[in-house]
Amino acid sequence: MKKWQLIGSTTALSSALLLGACGGAAEKSGSGDTKSSDDKKLSGEVKGDGSSTVAPVMEKINEDFSAEQPDVSVSIGVSGTGGGFEKFIAGETDFSNASRDIKDEEKEKLKKEKIDYTEFKVAQDGLTVAVNKDNDFVEELSMDELAKIYSGKAKTWKDVNSKFPDKKIKAFSPDQSHGTYDFFSEEVLDEKDLQSEKNADTNVIVKSVQDNKDSIGFFGYNFYQENKDSLKAVKIKGDKGKAVEPTDESVNDGSYPLSRPLFVYAKNKSLEDNDAFYGFMEYVIDNSADAAKDAGYVPLKDEEYKKDKETLEKFKK
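Summary of the structure given here.

What counts and how
Residue positions are given per chain, counting from 1 as you read along its sequence in written order. For a predicted model such as this one, the threshold for reporting local features is a pLDDT of at least 70, and the threshold for listing and counting side-chain atom pairs is 80 or more; totals across whole chains, interfaces and linings nevertheless cover every residue. To obtain the side-chain values, all non-hydrogen atoms of the structure were used and water was disregarded. Secondary structure counts use DSSP, requiring at least four H or I residues in a row for a helix and at least two E residues in a row for a strand, with both numbered from the N terminus. In protein, a polar contact requires one atom able to donate a hydrogen and another able to accept it; more generally it is a pair of N or O atoms within 3.5 Å, and residues adjacent in sequence count only if both atoms are side-chain atoms. Every residue pair with non-hydrogen atoms within 4.5 Å of one another is taken to be in contact. Side-chain atoms within 4.5 Å are what join buried Ala, Val, Leu, Ile, Met, Phe, Trp, Tyr and Cys residues into a set we call a nonpolar core. Think of it in three bands: with a 1.4 Å probe and only protein chains considered, a residue is buried below 20% of the maximum accessible area for its type, exposed above 50%, and partly exposed in between. Paired strands, as defined in this entry, are two strands with at least two bridges between them according to DSSP. Helix axes are fitted only over the stretch in contact, all axes being lines through C-alpha atoms; the angle between N-to-C directions runs from 0 to 180 degrees. Comment on the angle field: the value is read as roughly parallel under 35 degrees, roughly antiparallel over 145, roughly perpendicular from 65 to 115, and oblique elsewhere. Left-handed describes a crossing whose near helix is turned anticlockwise from the far helix through less than a right angle; right-handed describes the clockwise counterpart. Only Asp, Glu, Lys and Arg are considered charged, only Ala, Val, Leu, Ile, Met, Phe, Trp, Tyr, Cys and Pro nonpolar, and every remaining residue, Gly among them, polar.

1. Focus on the side chain of Thr 128
Then, number 1: For Thr 128, the location among the structural elements is in strand β5 (residues 128-132).
Then, number 2: At 2.9 Å, the side chain of Thr 128 forms a polar contact with the backbone oxygen of Gly 126.
Then, number 3: Excluding residues within four positions of it along the chain, Thr 128 makes contact with Gly 217, Phe 218, Phe 219, Gly 220, Tyr 221, Tyr 224, Ala 233, Pro 246 and Tyr 256.

Rendered as structure tokens:
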């Protein structure tokens, strides 16, 4: 099984993960030419936390940023979208990576703490539902069938579809610290809790599906891309009744029912007061398209990055 080689654990407990070296020790990634819109040398400290789904994009960006700006220390924790927002609300971080929209209750807590923020999109993801590669009966599933599985209503595959064999389902999923869990719960189960074997480490979920013939699991598109030789992606049937496979094209145009954007939420005061953070976010926007491709995701349309850049420039001194 291939997995993302982050520094430290990718579980919800790894709140002090460093993505990219300080002091110029990081090497350039193989993503081709990087775009830097300012040759100004920066120094200082930047802190972030959040989604493990967004982490591979930010890792690749930070590798190159660290090489160009060796006097800036950027630390990025991977405690999940929910855990990242907790630190953001507590004032511990300059930015928070998220694989879902910020929740109303998180907005209210930030308002109470008088923390203003700006939302930026960095890539497009297609939450991928996968079964074991030896599964020879599941080719597609409707949202209702997914709900049967993850609500616990269906105990066997025959309970899902009468044409399927009478074999017990082993369902795997991320745990509640992940924005991926929240997104699936909202889109498939009307925000109800998932009945599944949960894990904070996405690599464990991937391996669980690989190792269990009658299993099913879901995770970010990049985890499927990195392990597609040993997994089988399931086509998902949405409201229009057509079963759609997760591909770069279907994720980009939103025709895949479980497509979603990936976000970085930035603290406005940090953008205004910390030149190193402003420079880092400028680098993030300029290089997200290439980093998204390298990380196994789908880049946004050029006009969306342009819009983000225009938004960021409002904070430039």
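On we go from here.
2. Points about the nonpolar core
Nonpolar side chains in soluble globular proteins generally cluster together in the buried interior.
Then, number 1: Leu 146, Trp 157, Ile 216, Leu 258 and Phe 280 are the most contacted members of the largest nonpolar core, which has 65 residues in total.
Then, number 2: For this core, the leading source of residues is helix α11 (residues 275-295), giving 11 residues.
Then, number 3: In contact with Leu 146, not counting residues within four places along its chain, are Val 129, Leu 141, Phe 184, Val 188, Ile 216, Ile 236 and Leu 258.
Then, number 4: Counting 10 residues, the second-largest nonpolar core is a separate cluster that includes Phe 172, Val 209, Phe 219 and Leu 231.

3. Some thoughts on the sheet that holds strand β9 (residues 215-219)
Then, number 1: The mixed open sheet is built from five strands, whose spatial order is β8-β7-β9-β5-β10. Across the chains shown, the open sheet's two edge strands, defined by having one partner strand only, are β8 (197-199) and β10 (231-233). Going across the sheet, the axis of each strand differs from the next one's by a mean of 30°, ignoring polarity.
Then, number 2: With two bridges connecting them, strand β7 (residues 170-174) and β9 associate as parallel partners. Note on β9: the bridge partner recorded for Lys 170 is Ser 215.
Then, number 3: Packed onto the sheet, helix α4 (residues 143-151) meets β5, β7 and β9 and runs at close to 105° relative to β9.
Then, number 4: Set on the sheet, helix α6 (residues 179-189) makes contact with β7, β8 and β9; between it and β7 the angle comes to about 120°.

4. Focus on the packing of helix α2 (residues 80-89) against helix α3 (residues 104-112)
Angle between the axes and distance between the axes are the two parameters that describe a pair of packed helices.
Then, number 1: Remark: α2 packs on α3, axes separated minimally by 10 Å, with the N-to-C direction vectors making an angle of 15°. Taken together, the axis directions place α2 and α3 in an arrangement best described as roughly parallel. Seen along the crossing, α2 lies across α3 with a hand that is left-handed. The residues of α3 that touch α2, namely those facing Phe 85, Phe 88 and Ile 89, are Glu 106, Lys 109 and Leu 110.
Then, number 2: Split by residue class, the contact of α2 with α3 holds four nonpolar, no polar and two charged.

5. Some details on the pairing of β5
Then, number 1: With five of its five residues buried, β5 lies for the most part within the structure.
Then, number 2: In this sheet, β9 lies alongside β5 in antiparallel orientation, the contact comprising four bridges. In the sheet register, Val 131 faces β9, and the bridge partner there is Ile 216.
Then, number 3: Sheet topology places β5 next to β10; three bridges connect them, and they run antiparallel. Each bridged residue has a counterpart across the sheet, and for Asn 132 the counterpart in β10 is Leu 231.

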